[in-house]
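Notes for the structure review
Residue-level listing of the chains:
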Amino acid sequence: MSADSGRGTGDRHDRPGGTERAAGRTGHPGLPSLRTLEIRHLRCFLAIAEEGSVTRAAERLRLTQPAVSRTLAALEDALGVRLVDRSTHHLALTAHGRVFRDRASAAVTAFEAALDAGRGSPRPLRVGHPWSAAGPYTTPLLRRWRAAHPSVPLELLRIDDRTAGLTRGLVDAAFLRGPVTAPGLETAVLYEEGQVAAVASDSALAGRSGLALADLADRTIALNTVSGVTTLDLWPSAIRPTSTVTVANTDDWLAAIAADRAVGVSATATADIHPHAGVAYVPLTDAPRLPVTLAWPAGVADPRVRDLLDLAREVVAEPRPGP
């Protein structure tokens with residue numbers, strides 16, 4: 001049995017089919033009760049839910065795969081339901097798991113907020129982003145926040161996953177690009193931006209004033225599968241590229257393109273925020289515009305996030321100075 005389709009070596013055997021399990025809350029001897037659950041059980045489940053893999057969740061949490069499997073099993077036993085379906089090749093959440101994911105995310109966020117309140121001093125507002133933050137509005141937004149909220153530092157954190165740490169409780173809000181499909185989040189679109197092709201600076205494509213998606217169709221495409229938003233679905237099926245190089249972050253994405261191993265597609269802000277001597281950015285004339293969104297956990301009423309949203313909207317609405 002693979003690491004992601006079942007419990008690892010040393011774990012207790014799987015129960016027979018179905019999603020209901022012997023409920024630990026009944027006080028049955030040998031089964032955990034709800035009173036034994038800790039915040040680590042929720043963090044572990046959320047990592048599995050986001051990664052879609054016990055193995056990758058273990059790597060993220062810096063734990064062994066059997067330890068993660070046992071933690072998940074203890075949570076399921078205490079709740080009396082199966083949260084994760086291991087019956088298929090790809091791990092998936094059950095209906096119970098999808099509901100519990102949203103509640104667990106809100107609980108972890110509330111737990112951390114309670115700890116912060118107990119410290120007696122304002123904690124920083126943690127704002128994540130997987131790359132390029134708020135683009136050209138980043139610096140003016142940070143300056144305006146400091147002037148308007150001098151007692152509440154704003155920490156801008158680059159975190160390489162699709163929600164920039166938001167679903168893991170690592171940040172209070174996040175700047176995200178493209179469609180936001182992760183459950184349990186509220187979002188507000190701040191603005192839209194165009195897309196560019198990223199090619200090696202000595203490539204024949206680098207000197208063009210503009211490119212179409214068809215110009216990249218016969219090239220190898222660099223795809224950031226951890227935090228990026230570009231997929232092969234960007235191209236019409238008739239001209240969809242067939243060769244890809246997968247990377248895990250923006251730095252590796254740039255390195256692959258600079259080495260002329262691949263070309264890439266990204267938001268226009270990438271050209272400003274991530275300049276590279278070996279990479280040329282060329283506007284794409286037929287790629288759809290990307291929404292840039294501020295996201296935060298649903299049901300978490302942190303007034304500082306509302307303040308950030310209001311200020312971000314003000315900054316975006318102001319005329320930008322010319323070059």
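Right, let's walk through the structure included here. (Residues numbered from 1 in each chain as written. Predicted model: local features only at pLDDT ≥ 70, side-chain atom pairs only at ≥ 80, totals over all residues. Heavy atoms only, no water.)

Along its length, the protein chain carries eight helices and twelve strands. Relative to its 323 residues, the protein chain shows a buried fraction of 48%. Of the contacts formed within the protein chain by residues at least 6 apart in sequence, a portion of 72% connects residues at least 24 apart. Of the roughly 15800 Å² of accessible surface on the protein chain, 54% is carried by carbon and sulfur atoms. (Helix = DSSP H or I, 4+ residues; strand = E, 2+ residues; numbered from the N terminus. Buried < 20%, exposed > 50% of the residue type's maximum accessible area, 1.4 Å probe, protein only. Contact = heavy atoms within 4.5 Å. Areas by Shrake-Rupley, 256 points an atom, 1.4 Å probe, with all protein chains shown as cover.)

Of all eight residues that make up strand β12 (residues 290-297), seven are buried, and the element is covered over most of its length. Strand direction decides the pairing type here: strand β5 (residues 173-177) and β12, joined by four bridges, are antiparallel. What sits directly across from L176, in β12, is T293. For strand β6 (residues 185-193) and β12, the ladder comprises eight bridges, and the chain directions are antiparallel. Within β12, the residue paired with E193 across the bridge is L290. (Pairing = 2+ DSSP bridges.)

Here the idea is simple: oppositely charged side chains can pair when their charged atoms come close. Under the defined criterion, the tally for this structure stands at eleven salt bridges. For D302, the salt bridge is made with R304, and the minimal N-O distance between the two is 3.1 Å. Owing to a relative accessible area of 17%, D302 belongs among the buried residues under this scheme. (Salt bridge = Lys/Arg side-chain N within 4 Å of Asp/Glu carboxyl O.)

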